Amino acid sequence: MDYRYMPILGVRPAEMRALEELAANVKDTMLPYIALQPWLAAKELASAVARINAAVGLRPIIADISEALPIQGKRRPVHDAFDLLRSSTNGYKHYIDFVSQNENFLPALQLTDLTELDHQIARLIDLDRDITIRLHEPMLQFAGNIAEKF
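Criteria and thresholds
Numbers given for residues are sequential positions, taken from 1 along each chain in its written order. Selection of residues for local features in this predicted model requires a pLDDT of at least 70, selection of side-chain atom pairs for listing and counting requires 80 or more, and totals for whole chains, interfaces and linings are taken over all residues. Based on all heavy atoms of the structure, the side-chain values leave hydrogens and waters out of the count. Numbering of helices and strands runs from the N terminus; a helix is a DSSP stretch of H or I covering at least four residues, while a strand is a stretch of E covering at least two. Relative accessibility thresholds used throughout: buried, under 20% of the residue-type maximum; exposed, over 50%; partly exposed, between the two (1.4 Å probe, protein chains only). Residue contacts follow a heavy-atom distance rule, with two residues in contact if any of their heavy atoms lie within 4.5 Å. Side-chain atoms within 4.5 Å are what join buried Ala, Val, Leu, Ile, Met, Phe, Trp, Tyr and Cys residues into a set we call a nonpolar core. Any carboxyl oxygen of Asp or Glu that lies within 4 Å of a side-chain nitrogen of Lys or Arg is treated as forming a salt bridge with it. Axis lines are fitted through C-alpha atoms, for helices just across the contact stretch, and the angle between N-to-C directions can take any value from 0 to 180 degrees. By the definition adopted for this analysis, an angle is roughly parallel if under 35 degrees, roughly antiparallel if over 145, roughly perpendicular if from 65 to 115, and oblique otherwise. Handedness of each helix crossing follows the sense of rotation of the near helix against the far helix: counterclockwise by less than a right angle gives left-handed, clockwise gives right-handed. Each residue receives one of three labels: charged for Asp, Glu, Lys and Arg, nonpolar for Ala, Val, Leu, Ile, Met, Phe, Trp, Tyr, Cys and Pro, and polar for the others, Gly being one of them.

Participant: Looking at this model, I keep getting lost on the side chain of Asn104. Mind explaining?
Facilitator: Secondary-structure assignment places Asn104 in the loop between α5 (89–100) and β4 (105–107). The exposure class assigned to Asn104 is buried, which follows from its relative accessible area of 8%. Beyond its immediate stretch of four places on either side in the chain, Asn104 contacts Asn53, Val56, Gly57, Leu58, Arg59, Pro60 and Ile61.

In structure tokens, the structure reads:
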């Protein structure tokens, strides 16, 4: 699909509400890049998925994982779920399993632990979905190496 706009969003209530209020034909022209993270009222990871799907329907989104932020208030089950998603163990197995369970989610290459890069890429290719790579400035020097691995 040819998308005209790729907004980079979080799962904050205001961002999801704004996305939800867009007309369907506008949503069809965009591919949201959503950095998943627990928000203040979130208790379970499933509520983040439900909120995203309520905002976009079952249209494709890029589902990335935000970096861990300091927890405000009490630790909740959602924090444990995000810790698992961020774990690089076995090629980011938990994150890739999570993406595979949500048919409209496209994965983003996780670059926190480069020792798992080859294993992660193999797992992502097995998903048979488009893969997004978001390079922040310090990682730009590795863009060619990463591209070669694909």
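Participant: For this particular structure, what's the right way to read the nonpolar core?
Facilitator: Proteins that are soluble and globular tend to have nonpolar side chains buried together. Membership of the largest hydrophobic core comes to 38 residues, with the highest contact counts inside it found for Met16, Ile34, Leu36, Ile52, Phe98 and Phe105. Broken down by secondary-structure element, the contributors of at least two residues to this core are α1 (13–20), β2 (33–36), α3 (45–56), β3 (61–65), α4 (77–86), α5, β4 and α6 (117–127). In terms of residues, this core owes the most to one element, α3, which gives 6 residues. Dropping the residues within four chain positions of it, Ile52 is found in contact with Val11, Met16, Ile34, Leu36, Gly57, Ile61 and Phe105.

Participant: Just to check I follow, could you spell out the pattern of salt bridges for this structure?
Facilitator: Oppositely charged side chains can form a pair if their charged atoms are brought close together. With the rule as written, the count across this model stands at 6 salt bridges. Residue Arg51 is joined to Glu20 by a salt bridge in which the shortest nitrogen-to-oxygen separation is 2.9 Å. Of this pair, Arg51 sits in helix α3 while Glu20 sits in helix α1, and the two are 31 residues apart along the sequence. A relative accessible area of 21% means that Arg51 is categorised as partly exposed. The class of Glu20 is partly exposed, set by a relative accessible area of 36%. A salt bridge links Lys149 to Asp118, with the nearest nitrogen and oxygen atoms 2.8 Å apart. Here Asp118 lies in helix α6 and Lys149 lies in helix α7 (residues 143–149), a separation of 31 residues in the sequence. Classification of Asp118 as partly exposed rests on a relative accessible area of 49%.

Participant: Help me understand the packing of α5 against α6 in this model?
Facilitator: Contact geometry of α5 with α6 gives a least axis separation of 8 Å together with a crossing angle of 20°. Judged on the interaxial angle alone, α6 and α5 are roughly parallel. Considering how the two elements wind past one another, α5 and α6 form a crossing that is right-handed. Taking contact as the criterion, the partners of Asn90, Gly91, Tyr92, Lys93, Ile96, Val99 and Ser100 in α5 are, on α6, His119, Gln120, Arg123, Leu124 and Leu127. When its residues are assigned to classes, the contact of α5 with α6 shows 5 nonpolar, 5 polar and 2 charged.

Participant: Any chance you could explain unusual backbone geometry here in plain terms?
Facilitator: The phi torsion of most residues other than glycine is negative, and most of the peptide bonds are trans. Despite not being glycine, Tyr92 has its phi angle at roughly 60°, a positive value. If you trace the backbone, Tyr92 turns up in helix α5. Given the relative accessible area of 1%, Tyr92 is considered buried. In this model, Asp128 sits at a positive phi of 60°, which is unusual for a non-glycine residue. We classify Asp128 as exposed; its relative accessible area is 70%.

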